[in-house]
Amino acid sequence: MEGDMEEYKQEFIQEAREYLDLMNQNFIKLENGDLNAINEIFRVAHTIKGMAGFMGYKNLEDLCHKLESAMGKVRDGEIEITSEIVDVMLKAVDAIEEMINKIEEEDSDDINVSDIISDLSEFMQEKKDKEQVREVDLSKESFGNANIRVDVYLSEDCIMKSVRAALVVENLSEVSEILAVIPDENDMEKEDFDGHFTVFIKAPDVSKIEDVMSKIAEVDRFEVSLLEEQKTEVKGEIEAGEVREGETEWDKAKEVKEEGRGKLLKKKDRKFESIRVNIAQLDTIMNLVGELVISKGRLLQIATEYDIPELKEAVSIMDKSITSLQDEIMQIRMVKVERVFNKFPRMVRDLARKLGKKVEFVMEGLDTELDRTVLDEISDPLIHLVRNAVDHGIESPEERKAAGKSEVGRIRLAAWREKNNIIIELEDDGRGLDVEKIKQKAVEKGIITPAEAESMSEDELKMLIFAPGFSTKDKATEISGRGVGMDVVKTTVEKLGGSVRISSKKGEGTKIRIHLPPTVAIIKSLLVKVGHETYAIPISSVIEALYVTEDNWKVIHGNPFLIVRGKLVPAFKLRDLFNVVDGKPEREVGIIVEKEGERYALIADTIAEQQEIVIKPLTGYLAKIRGFSGVTILGDGRVVPILDISSLLGGDRLA
């Protein structure tokens, strides 16, 4: 039993955190005038309260009940929504999150929330709390208005049946008028509740009821029945025969429920459409698929080397299956960016209030999908960018008004797919970047020399905001100004095989665009030979390839260049970079790659082949080596380094 409760606890923590995200999002919507958010907040608070009660976390249950009561008064129009009230309610949400963290770490919700409860009570003006759950009027007269009956059977393995039943009733209340529920909420919370309950409602349309019910998880089956007059026959297998003289269907249904007899006709079956999977298990499966890809390459090499037609045919069939398996696993690993984006509205709102600014925050492309690993890695950099947009970018209302702008600043965070890349763009209509100030600060901090400052282009100067230790603020605050954050953005993005672009105009705003690969687990690469060594270059970094000849190879002031379509492209010989001395190629090849919008030529001896490879990240001491993003294992067992173009050509490339 103890093991079962631990499993329930983990599921409770995971679901509670998902509900907290919903709460934060809907409080922001409510503050912005969306009154529909009230019902969603109310539902979430009630659900967490029910789960906490089931798990025995009394403190958490009481706080949720208090928040629920306060939201009830908001819903009833007794309390007017203001930013101050939302502040207090968001403090309650933060306290709930703190309790959940403590439950996970210490299995205790013992946190002092008396101040928050006191603040909530003040806003409720010390009036007697009304019951916030929809109370069912059990009178026969009230039930007589019902025209639809919904019988619900929850799945046998539903962990919190009373909470799920409350969710069903709440969802039905959004499209109908609930007149009665058998058994009532108190009975549902008892241990002997079997997950079967009946809801009597009044609604104009049966299809909406069925649509709502079909979308609720952990419902094994349900039946929607139309009621005629009060004196009707109870249909199905509950009880045959006519209703007795003077007896309403309400009496009959109550009697049947009490006796616990019969079953409803199964009108719709509800099967599990999804399951929760541990992230570690997904990573393990991904690694195993990677090993299959490597083994496939080995078998293909053996079949070719020894010319075995039967093996070639078998490997060809296996190749298709492994490719399909790989595609499916990659798809399972894909997560919508809204998982990360949804934390930002609350963060922007809190920062703006702290800084005395007015900000409209807009999000687009929430359905865009990224590999879970990429999304997890990019989360912190995005936090830095959004915080900077609020702190550095958006001006104070007075400053904006003086500049002829609206007092309310606008920040837009968007994501979309473009060819083989995912684009994440953050744009604000704030003060923009002051290139002269950036130049001055960079020289003061020793990031660049005065001579370099004068020779740099405007775009190059703007990119200095990503330099370690750089900040235009004279005084550090708790929000920004310490010169950390923006360098993390650039480093992380480039480590993922992406790039960052920035465009800005003083007084008009700033736009930062991040290009990311959709996944970093299995990639297509170009295998190149340098002497007896083989290196892999990600295809996403490669623009084109061409042979090096006397006509297109130039050395100017000691610096080698490759002439590509009339333009000089800086060239780097991989032989020199990696101190390869063996062998001498008859004809070298230049692989044109792109880094931060600029093109460079990597000179190799020859191109071996294009191949799909599995990335094995470098760990321990090797993780500190610049110039490599990881290694891969070829079919013949050779370990091949994967070049990281950004750090390889970044100056401190092989530290």
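K.L.:
Just checking my understanding: could you explain the overall build of the protein chain for this structure?
P.N.:
A tally of helices and strands in the protein chain yields 22 helices and 23 strands. Across the protein chain, every contact between residues at least 6 apart in sequence was considered, and the portion connecting residues at least 24 apart equals 69%. Here the protein chain displays about 33,900 Å² of accessible surface, and carbon together with sulfur accounts for 48% of that area.

K.L.:
Whenever I open this one, the sheet that holds strand β11 (residues 499–505) confuses me. Can you help?
P.N.:
Strand pairs in the sheet, formed through backbone hydrogen bonds, run parallel or antiparallel to each other. Judged by pairing direction, the sheet is mixed, and its five strands sit side by side in the order β7-β9-β10-β12-β11 without closing on themselves. Both edges of this open sheet fall to β7 (358–364) and β11, since each of them pairs with a single strand only. The sheet shows a mean angle of 10° between the axes of neighbouring strands, taken without regard to direction. Pairing between strand β9 (residues 408–418) and strand β10 (residues 421–428): eight bridges, direction antiparallel. For Ile411, the partnering residue across the bridge sits in β10 and is Asp428. With respect to the sheet, helix α14 (residues 344–355) is in contact with β7 and β9, its orientation differing from that of β7 by roughly 170°. Across the sheet, helix α20 (residues 486–495) touches β11 and β12 (509–516), and the angle it forms with β12 is around 30°.

K.L.:
What is the right way to look at α20 in this model?
P.N.:
One turn of an α-helix holds 3.6 residues; hence residues three or four places apart share an orientation. Taken across its 10 residues, α20 has seven buried, putting it largely inside the fold. Three or more residues of α20 are buried, namely Met486, Asp487, Val489, Lys490, Thr492, Val493 and Glu494. Those residues of α20 hidden inside the fold are in contact with α15 (372–393), β11, β12 and α22 (645–648).

K.L.:
Where do I start with the pattern of salt bridges in this structure?
P.N.:
Any two side chains of opposite charge can pair, given that their charged atoms come close. Applying the stated criterion across every chain, the model contains 38 salt bridges. The partner of Glu68 in a salt bridge is Lys49, and the shortest N-O contact between them spans 3.0 Å. Pair noted here: Glu68 is in helix α3 (residues 58–75) and Lys49 is in helix α2 (residues 37–55), with a separation of 19 residues, a long-range link. Both residues of the pair, Glu68 and Lys49, count as buried. The partner of Asp376 in a salt bridge is Arg339, and the shortest N-O contact between them spans 2.8 Å. Placement of Asp376 in helix α15 and of Arg339 in helix α13 (residues 338–341) is noted, with a sequence separation of 37 residues between them.

K.L.:
In this structure, what is going on with the confidence of the model for the protein chain? I would like to understand it.
P.N.:
Model confidence for the protein chain is summarised by a mean pLDDT of 78, while 84% of its residues fall at 70 or above. The weakest mean pLDDT in the protein chain belongs to strand β5 (residues 268–269) at 40; the strongest belongs to β7 at 92. Ignoring residues within four places in sequence, the model shows residues 126–142, a span with pLDDT below 50, making 37 contacts including any to other chains.

K.L.:
Whenever I open this one, the environment of Asp350 confuses me. Can you help?
P.N.:
Within the secondary structure, Asp350 sits in helix α14. Judged by relative accessible area, which is 28%, Asp350 ranks as partly exposed. Expressed as a C-alpha distance, the spacing of Asp350 and Asp87, which sit 263 residues apart in the sequence, is 8.6 Å. Only 2.8 Å separates the side chain of Asp350 from the side chain of Arg346, close enough to count as a polar contact. A distance of 3.2 Å separates the side chain of Asp350 from the side chain of Arg349, its partner in a polar contact.

K.L.:
Just to check I follow, could you spell out unusual backbone geometry for this structure?
P.N.:
Following Ile182, the chain continues to Pro183 via a peptide bond in cis, the omega torsion being -5°. Positive phi outside glycine occurs at Asp307, with the angle close to 50°. Tracing the backbone shows Asp307 in the loop between α11 (279–305) and α12 (309–333). The exposed category is assigned to Asp307, whose relative accessible area is 55%. Phi is positive for His557, which is not a glycine, with a value near 50°. Secondary-structure assignment places His557 in the loop between β16 (553–556) and β17 (559–564). Here His557 falls in the exposed class, since its relative accessible area comes to 79%.

K.L.:
What's the story with helix α5 (residues 114–123) in this structure? I'm lost.
P.N.:
Turning to α5, its buried residues are Ile116, Leu120 and Ser121. Buried residues along α5 cover an arc of 140° about the axis, so they all sit on one side. Exposed and facing more than 90 degrees away from the buried side of α5 are Asp115 and Glu122. At its buried positions, α5 is contacted by α3 and α4 (83–106).

K.L.:
Would you explain the sheet that holds β16 in this entry?
P.N.:
Here we have six strands laid out as an open sheet, ordered β15-β19-β20-β18-β17-β16, and mixed in their pairing. With one partner strand each, in any of the chains shown, β15 (542–547) and β16 form the two edges of the open sheet. Taking each pair of neighbouring strands and ignoring which way they run, the sheet shows an average axis angle of 35°. Across four bridges, β16 lies against β17 in antiparallel orientation.

K.L.:
Would you take a moment to explain a negative patch on the surface for this structure?
P.N.:
Among the surface-exposed residues, Asp459, Glu460, Glu594 and Glu598 lie close enough to one another that they form a single negatively charged patch. Tracing the backbone shows Glu594 in strand β19 (residues 589–595). Judged by relative accessible area, Glu594 falls into the partly exposed class, the value being 36%.

K.L.:
Whenever I open this one, the packing of helix α7 (residues 161–173) against helix α9 (residues 206–214) confuses me. Can you help?
P.N.:
Two packed helices can be described by the angle between their axes and the distance between those axes. Packing of α7 against α9 leaves a shortest axis separation of 10 Å and a crossing angle of 145°. Regarding α7 and α9, the two cross each other, and that crossing is right-handed. Across the interface between the two elements, Val168, Asn171 and Leu172 of α7 pack against Ile209, Val212 and Met213 of α9.

K.L.:
When you look at the packing of aromatic side chains in this model, what are you seeing that I'm missing?
P.N.:
A ring pair, where both rings are aromatic, is described by two values, the distance of the centres and the angle of the planes. Summed over all chains, the structure comprises six aromatic pairs. On the basis of an interplanar angle of 20° and a centroid distance of 4.6 Å, the ring pair of Tyr535 and Phe578 is categorised as stacked. Placement of Tyr535 in strand β14 (residues 533–538) and of Phe578 in the loop between α21 (574–577) and β19 is noted, with a sequence separation of 43 residues between them. Since its relative accessible area comes to 6%, Tyr535 is described here as buried. On the numbers, 6.1 Å between centres and 50° between planes, the contact of Phe572 with Tyr600 is tilted. With a gap of 28 residues between them, Phe572 in strand β18 (residues 567–573) and Tyr600 in strand β20 (residues 598–604) connect regions that are remote in the sequence. Assessed through its relative accessible area of 22%, Phe572 is described here as partly exposed. When its relative accessible area of 17% is taken as the criterion, Tyr600 is described as buried.

Reading guide: rules and limits
Residues numbered from 1 in each chain as written. Predicted model: local features only at pLDDT ≥ 70, side-chain atom pairs only at ≥ 80, totals over all residues. Heavy atoms only, no water. Helix = DSSP H or I, 4+ residues; strand = E, 2+ residues; numbered from the N terminus. Contact = heavy atoms within 4.5 Å. Areas by Shrake-Rupley, 256 points an atom, 1.4 Å probe, with all protein chains shown as cover. Pairing = 2+ DSSP bridges. Axes fitted to C-alpha atoms, helices over the stretch in contact; angles between N-to-C directions. Buried < 20%, exposed > 50% of the residue type's maximum accessible area, 1.4 Å probe, protein only. Salt bridge = Lys/Arg side-chain N within 4 Å of Asp/Glu carboxyl O. pLDDT = per-residue confidence, 0-100. Polar contact = N/O pair within 3.5 Å; in protein donor to acceptor, adjacent residues only side chain to side chain. Arc of directions from axis to C-beta. Patch = residues over 30% accessible without salt bridge, like charges linked within 9 Å, V, L, I, M, F, W, Y side chains within 5 Å. Lys, Arg positive; Asp, Glu negative; His and termini not counted. Charge placed at Lys NZ, Arg CZ, Asp CG, Glu CD. Left-handed = near helix turned anticlockwise from the far one by under 90°. Phe/Tyr/Trp six-rings, centres within 6.5 Å; stacked < 30°, edge-to-face > 60°.

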